[in-house]
Every structure is written in structure tokens, then in C-alpha cells.
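# Summary of the model geometry
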Amino acid sequence: MKILVCITNVPDTTAKISFADNDSKLNKTGVQYIIGPYDDYALARAVELKEQLGGSVTVLNVGEADGEPQIRKALAIGADDAIRVNTEPTDSYYVAAQIAHIAQQNNYDLILMGRESIDFNSGVVHGLVGEMLGLPSFSPVMKLDIEGSTVRLAREIDGGKEYLEAQLPLVLGCQEPIAEWKIPNMRGIMTARSKPLQVVEPISVDDVPVVERYSQPAPKGECKMIPVEEAEKLITLLRTEAKVL
């Protein structure tokens, strides 16, 4: 089985975010980057499937050279090889087109990625990739088992879970608890240095949106503490200041 795992290189959730060039791009100075947390779940399940069923796991990142430490970490966790599309991931459609192009060249049985990245949180790349390849796509997948070419999965829906059965090949967006995050051991870190990392140039995509400006969320307002015996005052403030009643 050939599995492709798409990973993102995103700011750590604790990073302080600011913008540069008239607020048109992220200021990367001093920002710590990580593999997208949802992508980590996809990678962990891919490695488990490889250990159970045999085959190979390829990691794909659409991004610039500063993401290679995260790619090497994915190789240390258990991926066999990696591909980096040498471009800035500016838009979901653009990223999906790069992924689909790589997938078309290599005939993967299963394409996994996180349900969404944690920078732009679009949550649409898996669906776009599935459409571009003419393959079924499902998200957010919480459970994944494979027997032969039959895939049994569970995904989260409003108010519960949906259990599905489908045939390979598929595109899946993953989330917890599909697997537990894996921490690379020393042997994995050492072997990752010699695993192949192929860098390819992007394909051209027409009509890619251009971001004009980013902005920070509005600062949190003052928190007013109202004594429990003054409940009527709270109602008044909700009507006159918050204007939610």
C-alpha cells in the first residue's frame, strides 16, 4: 500500500503573531513552527497502517525550505521518504492543485492529511484534492481501519458519529482520536537524515487570490464583576452596554 501524508508547517499555538509589509504577510521573526497538529494524527495513523499492512508512507509538504525541519521530523516518526513542493502555500486551491499533481504522478492508494491547518483553518483542502483527482473524500475522520481494499471509518457529524465503508483509493482529513501522536526516538532521528527528500517546483495555477491585508482580532474588553446580589444591574448592562438583550 502506498500512503501519502500531507503535512503543513504552521506557527506553534503559543506563538505571538504579527504582520509585516503593510500587514500583507506574516512576520516570521521569532516564530516557532511545528507540524500541524491534525496532520500529526494523520501521520501517526499512516505509520500504524504501514506497520500492520506493509507498504510505504510518503510525506508531502507544499512550502518553502524553512519547513524542512518539520519534514525531517515526519521522516523520523516513520515516513519512508518526502516531497517538498518549493512554493509558498498562499491559498487552499493552490495547495490542493500541487497535492493533486503529485498524487497523479505516483498513484497512491490512500491520501491522508489533517482536517484543517491551524493557521488559516480553511478545512477544504482534502475535499478539493478529492475533486481534482476524482476520488471520494471524507472528513473529519476519527477512526480508520483497512482490510484489503475496503476502508471502514468513522467521522464526526453534528450530534454524533457517522460510520462508513468505502473502497480505496480515498482522500481523508483526520482528527483525534484516529491515533496517538508519535514522538521520534533517537534511532528515527538518525535514520531520517539519510531518507530521501525530493524538492520539486510548483505547477502554475490560474486566478489565485492575493491577500491584501491581515488584521489582529480586537483586544478583549474590560471584564466587569457584578456581585450576585446585584443581578438586576447585570441585566441592565447586558441591555445598555453589551446590547445582547
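Attention in this report is confined to the structure presented alongside it. What you are looking at is a predicted structure, and each value in this text was computed from that prediction instead of being measured.

Let us look at the overall build of the chain. If you tally the helices and strands in the chain, you get six helices and 13 strands. With respect to the three principal axes, the spread of C-alpha positions in the chain is 65 × 45 × 40 Å. Sorting the 245 residues of the chain into buried and exposed places 39% on the buried side. Taking the contacts inside the chain whose residues are at least 6 apart along the sequence as the reference set, 70% of them involve residues at least 24 apart. Carbon and sulfur atoms make up 50% of the accessible area of the chain, which totals about 14100 Å².

Restricting attention to buried positions, one finds in helix 2 (residues 68-77) the residues Gln70, Ile71, Ala74, Leu75, Ala76 and Ile77. Downstream of helix 2 by a residue or two, Gly78 has a phi angle that is positive, lying close to 150 degrees.

A few words on the environment of Met142. Looking at the secondary structure, you find Met142 in strand 9 (residues 137-147). For Met142, a relative accessible area of 13% gives the class buried. Sequence spacing of Met142 and Gln175 is 33 residues, and the spatial spacing of their C-alpha atoms is 5.6 Å. When near neighbours in sequence (up to four residues on either side) are disregarded, Met142 contacts Ala154, Arg155, Glu156, Lys161, Gln175, Glu176, Pro177 and Ile178.

Quick look at the nonpolar core now. The biggest cluster of nonpolar side chains holds 38 residues, and the ones touching the most others in it are Val5, Leu43, Leu110, Leu112, Leu144 and Leu172. Per-element tally for this core: the top contributor is helix 1 (residues 37-53), with eight residues. Not counting the four nearest positions on each side in its chain, Val5 is found in contact with Asp39, Ala42, Leu43, Ala46, Val57, Thr58, Val59, Leu60 and Leu112.

Next up on the list: the packing of aromatic side chains. Applying the stated rule across the entire model yields three aromatic pairs. Arranged with centres 5.2 Å apart and planes meeting at 10 degrees, the rings of Phe19 and Tyr214 form a pair that is stacked. Taken together, the positions of Phe19 in strand 3 (residues 19-20) and Tyr214 in the loop between strand 13 (197-200) and helix 6 (231-240) put the pair 195 residues apart, joining distant regions of the chain. Its relative accessible area of 22% is what places Phe19 among the partly exposed residues. Between the aromatic rings of Tyr41 and Trp181, the centroid separation amounts to 5.2 Å while the plane-to-plane angle is 35 degrees, which identifies the pairing as tilted. With a gap of 140 residues between them, Tyr41 in helix 1 and Trp181 in the loop between strand 12 (170-174) and helix 5 (186-192) connect regions that are remote in the sequence.

For His126, the location among the structural elements is in helix 4 (residues 125-133). A polar contact is formed between the side chain of His126 and the backbone oxygen of Arg115, at a distance of 3.0 Å. For His126, the side chain forms a polar contact with the side chain of Ser139, separated by 3.3 Å. Beyond its immediate sequence surroundings of up to four residues, His126 is in contact with Met113, Gly114, Arg115, Ser137, Ser139, Val171 and Gly173.

Cut-offs applied
- Residues numbered from 1 in each chain as written.
- Predicted model: local features only at pLDDT ≥ 70, side-chain atom pairs only at ≥ 80, totals over all residues.
- Heavy atoms only, no water.
- Helix = DSSP H or I, 4+ residues; strand = E, 2+ residues; numbered from the N terminus.
- Buried < 20%, exposed > 50% of the residue type's maximum accessible area, 1.4 Å probe, protein only.
- Contact = heavy atoms within 4.5 Å.
- Areas by Shrake-Rupley, 256 points an atom, 1.4 Å probe, with all protein chains shown as cover.
- Core = buried A, V, L, I, M, F, W, Y, C linked by side-chain atoms within 4.5 Å.
- Phe/Tyr/Trp six-rings, centres within 6.5 Å; stacked < 30°, edge-to-face > 60°.
- Polar contact = N/O pair within 3.5 Å; in protein donor to acceptor, adjacent residues only side chain to side chain.

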